[in-house]
Amino acid sequence: MIGNPAYPTYQVFLAVGVAALVTGLLMPLFIRLMRYEGVGQQIRADGPQRHLVKQGTPTMGGVVILLGVVVTCALIAQWTPGLVLAIGAMLVTGSLGLLDDIESVAHGRSLGLTPSQKMAGLILISVAFCLVSVNVCGIAPAVAFPGGLVLDLGVLSTTLEVGGATVTVPWIYLFFVFLLMAGLSNAVNLTDGLDGLAGGCTMVVMLVMAMVAYRYNELDLAIFAAAIAGSCVGFLWHNCYPASIFMGDTGSLALGAAFAALAVLTKTEVTSLIMGGLFIVEALSVMIQVISFKLTGKRVFLMAPIHHHFEKLGWKENKVVVRFWIVSAAFAALGFALYFQLG
């Protein structure tokens, strides 16, 4: 272990630097490998025409992001059950995203796995994560709201005997965790549409989640969140406009799952939705667009997700990205302030 356990805040900041360094140094090698293998991003034909020049840009950069996180945690953190569970959820969801990226590249289209295939994978991941978090990590199946209100979602729990062990299945909380993990994974995935957008917003949110985990007295989870933020920094060096590589679903789905895992393990399921408010807005813009078109035949936005709407209004890509970073930081700060209201 590097760093000094006697100075926990130093370890958290160190995680940012180590992860950024590992990811930043490994990414050029990965970019060259992807170019050599001819692995490039497929751009949606109905998207902004200026994005067509990005066709063939190396993708799956999320592989290096996840590697940077794991290496950093191995060097600095202690492998507590919570950390193992969070990393496991991130890696398994990243593997689902990797399959999606491979499918997309292999068939030369912007869509990979079908929505039902992705959803089936997310259901299995979220159910396994919830059961382990409740039965192994001792996470209470309850949700806290700003103001001190706590809603018990374990009222309809079932106790089962599995291999001589007692397993509690909190059905309502199980469904809630599924919505949280599937929702955040897809929300970050939808945000990943402009150079530097998803990476920058995730970096901001994870820095705040690191502070939340530290205050929750979960140092290793704080290091985990800081490592994700640092990996996003290293990735952004190569992903800023014009991007040399994209994170792909490998990165976006995994980062969303890591966010959801941290929310559950630090009992910030509700305030995390505010901290990641930019991701929620992106997802809602797609839902609103689809519902409006199906019901009225009219579109609310020029194009969804909402970052493309502003592009259609004439905003330059960099302007959209930087302004969305600012909005994301504002949401994260608001969520962090409300978190303190929970006591």
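For the structure itself, consult the block above.
What you see as residue numbers is a count from 1 along each chain, following the sequence as written. Thresholds applied to this predicted model are a pLDDT of at least 70 for local features of residues and 80 or more for the giving and counting of side-chain atom pairs; totals over whole chains, interfaces and linings are not thresholded and use all residues. Hydrogens and water molecules were not included; the side-chain quantities draw on all heavy atoms of the structure.

Enquirer: For this particular structure, what's the right way to read the overall build of the chain?
Expert: Secondary structure is summarised from DSSP: a helix means a run of H or I of at least four residues, a strand means a run of E of at least two, and numbering begins at the N terminus for each. Helices and strands together make up the secondary structure of the chain, namely 12 helices and four strands. For the radius of gyration, the atoms used are the C-alpha atoms, and the globule rule reads 2.2 Å times the number of residues raised to 0.38. Taking 20 Å as the expected radius of gyration for a compact globule of 343 residues, we find that the chain reaches 20 Å, a close match to that expectation. Oriented by its inertia axes, the alpha-carbon framework of the chain measures out at about 55 × 55 × 40 Å. The classification of residues rests on relative accessible area computed with a 1.4 Å probe and restricted to protein chains. Under 20% of the type maximum is buried, over 50% is exposed, and intermediate values are partly exposed. Considering the chain as a whole, with its 343 residues, one finds that 52% of them fall into the buried category.

Enquirer: Mind showing me how you'd approach the pattern of salt bridges here?
Expert: Side chains that differ in sign of charge can pair as their charged atoms come close. Any Lys or Arg side-chain nitrogen located within 4 Å of an Asp or Glu carboxyl oxygen qualifies as a salt bridge. Under the criterion given, the structure shown has three salt bridges. Put simply, Lys118 and Asp100 hold a salt bridge, and the shortest N to O gap is 3.4 Å. Here Lys118 is found in helix α4 (residues 115-135), whereas its partner Asp100 is found in helix α3 (residues 81-107), with 18 residues between them in sequence. Residue Lys118 is classed as buried on the basis of its relative accessible area, which comes to 16%. A salt bridge links Lys267 to Glu269; the nearest nitrogen and oxygen atoms lie 2.6 Å apart.

Enquirer: Explanation requested: the packing of aromatic side chains in the structure shown.
Expert: By convention here, two paired aromatic rings are described through the distance between centres and the angle between planes. Here a Phe, Tyr or Trp ring, Trp counted by its six-membered ring, pairs with any other such ring whose centre lies within 6.5 Å, and the pair is stacked when the planes are under 30 degrees apart, edge-to-face when over 60, and tilted otherwise. Under the criterion given, the structure shown has six aromatic pairs. Considering the side-chain rings of Phe310 and Phe324, the 5.8 Å spacing of their centres and the 80° angle between planes classify their relative orientation as edge-to-face. On the criterion of sequence distance, the pair formed by Phe310 in helix α11 (residues 306-312) and Phe324 in helix α12 (residues 317-341) is long-range, its members being 14 residues apart. Just as Phe310 is buried, Phe324 falls in that class too. Between the aromatic rings of Phe336 and Tyr339, the centroid separation amounts to 6.4 Å while the plane-to-plane angle is 15°, which identifies the pairing as stacked. Residue Phe336 and its partner Tyr339 are both found in helix α12; the two are separated by three residues, about one turn of the helix. Both residues of the pair, Phe336 and Tyr339, count as buried. Aromatic rings pair up to connect Phe310, Trp315 and Phe324 into one cluster. Against the face of Trp315 rests Arg323, its NZ or CZ located 4.7 Å from the ring centre. Here, a charge over a ring is recorded when the distance from Lys NZ or Arg CZ to the ring centre is within 6 Å and its angle to the ring normal is within 35 degrees.

Enquirer: Please explain α4 as it appears in this structure.
Expert: Structurally, the α-helix is built with 3.6 residues per turn, so residues lying three or four positions apart point the same way. Spanning 21 residues, α4 covers 30 Å between terminal C-alpha atoms, matching the ideal 30 Å at 1.5 Å per step. Within α4, the full set of buried residues consists of Lys118, Gly121, Leu122, Ile125, Ser126, Phe129, Cys130, Ser133 and Val134. Helices are assigned an expected span. That span is 1.5 Å times one less than the residue count.

Enquirer: Looking at this model, I keep getting lost on unusual backbone geometry. Mind explaining?
Expert: Both trends apply: most residues other than glycine have a negative phi, and most peptide bonds are in trans. The peptide bond linking Tyr241 to Pro242 adopts the cis configuration, its omega dihedral lying at -10°. Omega for the bond connecting Ala304 with Pro305 falls within 30 degrees of zero, at 0°, which places this linkage in the cis form. On the secondary structure map, Pro305 appears in the loop between α10 (277-296) and α11. Located in the positive-phi region is Met60, a residue other than glycine, with phi close to 65°. Within the fold, Met60 resides in the loop between α1 (8-37) and α2 (62-76). A residue is classified by how much of its surface remains accessible, and Met60, at 8% relative accessible area, is buried.

Enquirer: Please explain the nonpolar core as it appears in this structure.
Expert: Across soluble globular proteins, you tend to see nonpolar side chains buried next to one another. Within this scheme, the nonpolar core is defined by two criteria: the residues are buried Ala, Val, Leu, Ile, Met, Phe, Trp, Tyr or Cys, and they are joined through side-chain atoms within 4.5 Å. Within the largest apolar cluster, 98 residues are counted, with the highest numbers of intra-cluster contacts made by Met90, Phe129, Tyr173, Phe224 and Ile228. Note on definitions: a residue-residue contact is assigned when non-hydrogen atoms from the two residues lie within 4.5 Å. If sequence neighbours within four positions are ignored, Phe129 has contacts with Leu85, Ala89, Val177, Met181, Ala261, Val264 and Leu265.

Enquirer: Honestly, the packing of α10 against α12 in this entry has me stumped. Any pointers?
Expert: Helix-helix packing is described using two parameters, namely the angle between the two axes and the distance between the axes. Axis definition: a line fit to C-alpha positions, over the contact stretch in the case of helices; interaxial angles, taken between N-to-C directions, run 0 to 180 degrees. The interhelical angle for the contact between α10 and α12, taken along N-to-C directions, is 120°, at an axis separation of 7 Å. Where α10 approaches α12, its residues Gly277, Leu278, Val281 and Glu282 are matched on the opposing element by Phe324, Val327, Ser328 and Phe331. For this classification, the nonpolar set comprises Ala, Val, Leu, Ile, Met, Phe, Trp, Tyr, Cys and Pro, the charged set comprises Asp, Glu, Lys and Arg, and every other residue, Gly included, is treated as polar. The residue inventory of the contact of α10 with α12, partitioned by class, reads five nonpolar, two polar and one charged.

Enquirer: Which parts of the structure should I look at to understand the side chain of Glu282?
Expert: Residue placement: Glu282 occurs in helix α10. Among all residues touching Glu282, those that are not within four sequence positions of it are Leu190, Thr191, Leu197, Pro305, Ile306, His307 and Phe324.

Enquirer: Just to check I follow, could you spell out the side chain of Thr268 for this structure?
Expert: If you trace the backbone, Thr268 turns up in the loop between α8 (248-265) and α9 (271-275). In this structure Thr268 comes out as buried when scored by relative accessible area, which is 1%. Residues within four places of Thr268 in sequence aside, it is in contact with Met209, Val212, Leu262, Ala263 and Tyr339.

Enquirer: How do you make sense of the environment of Gly196 when you look at a structure like this?
Expert: On the secondary structure map, Gly196 appears in the loop between α5 (171-191) and α6 (197-215). Accessibility expressed as a relative area gives 1% for Gly196, which makes it buried. Along the sequence, Gly196 and Phe235 sit 39 residues apart, while their C-alpha atoms lie 8.7 Å from each other. In this structure, Gly196 is in contact with Leu236, Asn239, Val321 and Trp325, ignoring residues within four places of it in sequence.

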